[in-house]
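Coordinate analysis (summary)
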2 protein chains.
Amino acid sequence: MKKSIEPRTLKGFRDFLPSEAKKRQYVINALKEVFELYGFEPLETPTLEYEEILAGKYGEEGDKLMYRFKDLGERNVAMRYDQTVPLARVVAQYANLIPMPFKRYQIQPVWRADNPQRGRFREFVQCDVDIVGSDSLLSDAEVIALAVRSLQRLKFGKFKILINNRQIFSELVKKGLTAEKDLPLVLRSIDKLEKIGREDVLEELGKLGIEKERRNLILETLENMLPSEEFTRLFELLKKLGIDSFFYEFNPTLVRGLDYYTGTIFEIQVEGYTAGSVGGGGRYDNLIGMFAGRQIPAVGFAFGFDRLVEAMDELKLFPKDLETTKVLVTVFNEKLLDKSIEVLNVLRNKGVNTEIYDDPAQKMEKQLKYADQKRIPYVIVIGPDEVENNLVTIRDMKTREQKTISVKELPNEFIKN
Amino acid sequence: MKKSIEPRTLKGFRDFLPSEAKKRQYVINALKEVFELYGFEPLETPTLEYEEILAGKYGEEGDKLMYRFKDLGERNVAMRYDQTVPLARVVAQYANLIPMPFKRYQIQPVWRADNPQRGRFREFVQCDVDIVGSDSLLSDAEVIALAVRSLQRLKFGKFKILINNRQIFSELVKKGLTAEKDLPLVLRSIDKLEKIGREDVLEELGKLGIEKERRNLILETLENMLPSEEFTRLFELLKKLGIDSFFYEFNPTLVRGLDYYTGTIFEIQVEGYTAGSVGGGGRYDNLIGMFAGRQIPAVGFAFGFDRLVEAMDELKLFPKDLETTKVLVTVFNEKLLDKSIEVLNVLRNKGVNTEIYDDPAQKMEKQLKYADQKRIPYVIVIGPDEVENNLVTIRDMKTREQKTISVKELPNEFIKN
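A few points about the relation of the copies chain A and chain B
Each copy of the sequence occupies a distinct position, and chain A is placed on chain B by a rotation of 180° and an axial shift of 0.0 Å, giving an RMSD of 0.1 Å. What we have between these two chains is a two-fold relation. Distance from the rotation axis, computed per C-alpha, reaches its smallest value in chain A at A:F69: 3.2 Å. Here 100% of the interface residues in chain A have copies in chain B that are interface residues too; the copies meet face to matching face.

Here it is in structure tokens:
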């Protein structure tokens, strides 16, 4: 056989070997559990869409970074760039099949030809939760509560949901501190407050032609803003939903990058994880109706799945026993294979994840090494002595301790919890 | 808002609304459970690969149907076409990180620009299980046993694994019934035996220039072939692994389309599902080493995930209570909202999937209709009488029966099993 093509992956694309894939599955399963506890249902949309569905929906940057091409039928197609535009399409396309409010979650990969860097990939998983068709503040509270519960389910201890409302910024216009048309640029600077600091934001505002006094006034006005009546009501609802006020706070300088938010906005920050927010969301009442041709209110949030996994890794929040295989049954030799299979059956029938070493001709040493490499916590050895007395020897691969028990006692050793 | 772009999906691509998405999740979760019970671990590979990794690996058809394009960096890329070639790449790329034998499963979508028809889509999920690096017959037995257990876990009652071995066909050459070089064409005809029948196969063999007597002899030789010693041993192993012989049989005319199999081959047929085999597999010892530049033995199988879901649908194998949300807590009016939230919290804290109707201003009738549309089995109503006496009224949406109980008794009503 000729070795000619180098085995490699594209920049920004990743393989997940079992140890990583297991972590990702753990997070996905935990999140689904909480999402469903809150009454949200799964939705899946295709990887490829007609380009016209996605084009122009994500601003200039989106149009630049989107993966698109002509398919074999000369159709212009594009790969999923986010899960919100497909949601808008689905809501319009199946209007008669979807009861409103539509509470759906969606956990699928998206593709962006961005410059890969720490925590940023060209293929990455998004994890969206939205309530479509409700303008009730209760919905805003429900999605924030769900974000908190999700993080708690994943064992994050210290985190904060920073909450603001886009409406607050209209005060800057009302007070004559900026013109309506300049507001987006002003907000873009304020959005960097945490990243670049107060001084640099003031300087940026200066570059927009805002005189010195007014720059200060803009920041101070926001910083001294008191929670509105709507906030008070939102916080009341959160409290009623059992969410401790330790986990959220009013943050009047929070902007959130995306322009499409119309009301509540929030961002999730995990203490001890500095690579950025692990997620965020808000109310966006003018977006979901884009294909339906009418206004459809919506509120939701998304976790940056890869950041969430990275944060859990750094904070050591993954369970220690994330193994899939609990027991390796070794094979002493070809003659004693039957006994090993018998023990294998006993464990599998009890629901214990068990594998048998595939090659009876291999030495015991090699079989034990295999268990070590795969981090299988228990190994069972059944030699001639064991066979004669209907016993098995169990070796704890961590402590290297061994004990010999009868086959009958075996299932109780590894009852699945 | 202007309604201009028609909300639609590409031919051969599908949305999965919650009721369908739940079924798919159910199947995936059940399969993962069995795969892990058998000691297999998850692997994920990227959607896009360098085109050179995939090109030329799937024959002419594959090169024609593969989705490929130039990315923004002018790299030739291709979308995942199957999960075997990526597995071969992974095995070569991470040789030092992967303990052998490598037992992995992979459940991801693949893309083929095929002509869409019943049960055939351009985006569909494959579900692969393979043991790489073992040439032991025990591995062949393990993957067949796993296929049987998977189908049993999904509640399929009557199905058969047809088993053959590619080696058997060399008998045709040895006996002088066909030349070595003609064997692939002869096998391609025999492969159609079940589809087009005996007469048509004989006619096809005639077109290959094989004289009448020999055509019959070819079929008869295969049909009268007795299981070899290896088969006897394989069937023994299956029996020891607890697999009832009802579920498999020797079938000497089974060919399997793909050329790359080198030993055991098998195909899974479900009684009552006529659209074709729901999966199959076999031993392929010359494929996985293609990037590593050495021979690496392998054996495995794949379920056609969409067919599996379709077969389960047709045979009504999905659990009746596949709902995600179990209870809808209605809101009598804005004043009584707090009580509804209180009940909501009680149920969620007990792990019961519960949602609250988001808009307290809506009439009870509309709230009940919502539960009906979403097939939520239980609705809780808390009116002024209930609030006064700390009671809740539970409505069974199927039987339309109602009962009123105290809030304290509530959790026992919906304990999650």
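Topic: the side chain of B:E51
All names here are of chain B. Position of E51 among the secondary structure elements: in helix α2 (residues 51–54). For E51, the side chain forms a polar contact with the side chain of R68, separated by 2.6 Å. Excluding anything up to four places from it in sequence, E51 contacts R68, N76, V77 and A78.

Brief notes about the interface of chain A and chain B
Opposite the 105 residues of chain A that make contact, chain B presents 105 residues. The contact between chain A and chain B buries some 9200 Å² in all, and 57% of this surface belongs to carbon and sulfur atoms. Where chain A packs against chain B, one counts 20 salt bridges. Between B:R24 and A:E44 there is a salt bridge, and its shortest N-O distance comes to 3.9 Å. Summed over the shared surface of chain A and chain B, the result is 43 residue pairs in polar contact (both at pLDDT 80 or more). Element by element, the count of residues in the side of chain A that touches chain B is highest for helix α1 (residues 18–37) of chain A, at eight residues. When grouped by side-chain class, the residues that make up the side of chain A that touches chain B number 51 nonpolar, 21 polar and 33 charged.

Here's the deal with the packing of aromatic side chains
In total, this model carries 33 aromatic pairs over all chains according to the counting rule given. Ring centres of A:F159 and A:F247 lie 4.6 Å apart, and the angle between their planes is 20°; on these two criteria the pair is classed as stacked. With a gap of 88 residues between them, A:F159 in strand β7 (residues 159–165) and A:F247 in the loop between α11 (229–240) and β8 (248–250) connect regions that are remote in the sequence. For A:F247, a relative accessible area of 11% corresponds to the buried category. An angle of 55° between the planes, with centres 5.5 Å apart, marks the rings of B:Y260 and B:Y284 as tilted. Placement of the pair is B:Y260 in the loop between β8 (248–250) and β9 (264–270) and B:Y284 in the loop between β10 (279–283) and β11 (298–304), with a sequence separation of 24 residues. Residue classification places B:Y284 among the buried positions, given a relative accessible area of 2%.

Some thoughts on the sheet that holds strand β16 (residues 402–406) of chain A
All names here are of chain A. Pairing within the open sheet is mixed, and its five strands lie in the order β13-β12-β14-β15-β16. The open sheet is flanked by β13 (354–356) and β16, the only strands paired with a single partner. The average angle at which neighbouring strand axes cross in this sheet is 25°, direction not considered. Judged from the three bridges that link them, strand β12 (residues 327–329) and β13 form a sheet pairing that is parallel. Note that in β13 the partner of L328 across the bridge is E355.

Observations concerning unusual backbone geometry
With omega at -5°, the peptide bond leading from A:M100 into A:P101 counts as cis. Tracing the backbone through its elements, the reader meets A:P101 in the loop between α4 (84–93) and β5 (102–111). Positive phi, normally seen in glycine, also occurs at A:N390, with a value near 55°. Counting through the fold element by element, A:N390 comes out in the loop between α15 (384–389) and β15 (391–396). A:N390 sits in the partly exposed class, given a relative accessible area of 37%. Although it is not a glycine, B:K155 adopts a positive phi angle of roughly 75°. By the secondary structure assignment, B:K155 is in the loop between α5 (137–153) and β7 (159–165).

What counts as what
- Residues numbered from 1 in each chain as written.
- Chains lettered and ligands numbered in written order.
- Predicted model: local features only at pLDDT ≥ 70, side-chain atom pairs only at ≥ 80, totals over all residues.
- Heavy atoms only, no water.
- Least-squares fit on C-alpha atoms with pLDDT ≥ 70 in both.
- Contact = heavy atoms within 4.5 Å.
- Helix = DSSP H or I, 4+ residues; strand = E, 2+ residues; numbered from the N terminus.
- Polar contact = N/O pair within 3.5 Å; in protein donor to acceptor, adjacent residues only side chain to side chain.
- Buried area = accessible area lost by both parts, 1.4 Å probe.
- Salt bridge = Lys/Arg side-chain N within 4 Å of Asp/Glu carboxyl O.
- Nonpolar A, V, L, I, M, F, W, Y, C, P; charged D, E, K, R; others polar.
- Phe/Tyr/Trp six-rings, centres within 6.5 Å; stacked < 30°, edge-to-face > 60°.
- Buried < 20%, exposed > 50% of the residue type's maximum accessible area, 1.4 Å probe, protein only.
- Pairing = 2+ DSSP bridges.
- Axes fitted to C-alpha atoms, helices over the stretch in contact; angles between N-to-C directions.

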